[in-house]
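Fold and contact review
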Amino acid sequence: MAWRVGVWLALAAVAMLFIGFTSAYLVRRQAPDWGGGLPVPPLLWVNTAVLALSSVLLEAGRRRFASGAEGGSRVLALAAATGLAFVAGQLRVWQELSAAGVYLASNPHSSFFYVLTGAHGLHVLVGVAWLLYAAVRVA
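Residues numbered from 1 in each chain as written. Predicted model: local features only at pLDDT ≥ 70, side-chain atom pairs only at ≥ 80, totals over all residues. Heavy atoms only, no water.

Below, the discussion takes up the overall build of the chain. Within the chain one finds four helices and zero strands. Reading the helices (α) and strands (β) of the chain from amino to carboxyl end gives α-α-α-α. Taken over the C-alpha atoms alone, the chain extends approximately 55 × 30 × 20 Å along its principal axes. Looking at the chain as a whole, 25% of its 139 residues are labelled buried. Taking all contacts inside the chain whose residues are at least 6 apart in sequence as the whole, residues at least 24 apart take part in 67%. (Helix = DSSP H or I, 4+ residues; strand = E, 2+ residues; numbered from the N terminus. Buried < 20%, exposed > 50% of the residue type's maximum accessible area, 1.4 Å probe, protein only. Contact = heavy atoms within 4.5 Å.)

See below:
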């Protein structure tokens with residue numbers, strides 16, 4: 001039971017982190033030095049789809065385990081793989097932006113983009129690590 005409290009506290013902390021980032025973004029973008037819009041690499045949309053697929057697979061794997069159905073481990077392994085594919089895609093997006101001359105310090109807009117996507121990528125990596133830890137424990 002204590003682990004449930006820990007999970008809820010961790011979820012609350014992560015939620016507060018992203019709420020703080022979002023509120024800072026909304027306030028900061030009103031400043032005159034915000035900078036122009038970033039070029040949106042098409043891979044960013046592919047990445048969004050990969051992340052959504054990863055979420056669907058994670059929930060499907062969770063449901064299989066909860067119901068005792070077979071194949072839950074394979075589905076969760078696919079969820080982990082798509083999570084890693086998302087992070088790899090984000091790194092590729094950063095490379096594309098860098099090649100276009102958009103860096104962390106280019107302007108506040110680009111700074112927020114890199115910080116938010118970096119924090120999100122780290123969040124996904126930690127989630128994949130815990131998923132793999134849980135898979136090893138179940139096996």
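From this point, the narrative continues.
This part takes up helix α2 (residues 43-67). With 25 residues, α2 extends 36 Å between its outermost C-alpha atoms, agreeing within 8% with the 36 Å of an ideal straight helix rising 1.5 Å per residue. Buried within α2 we find L44, N47, S54, L57 and G61. Where α2 is buried, its residues meet α3 (72-99) and α4 (108-138). (Expected span 1.5 Å × (residues − 1).)

Right, let's get into the nonpolar core. L57, V75, L76, A79, A80, F86, V87, V124, V128 and L131 form the largest nonpolar core, which has 10 residues in total. Residue assignment for this core shows that the elements contributing at least two residues are α3 and α4. The leading source of residues in this core is α3, at six residues. Excluding residues that lie within four positions of it along the chain, V87 makes contacts with G121, V124 and L125. Listed in part, the seven residues of the second largest apolar core include L44, V93, L97 and F113. (Core = buried A, V, L, I, M, F, W, Y, C linked by side-chain atoms within 4.5 Å.)

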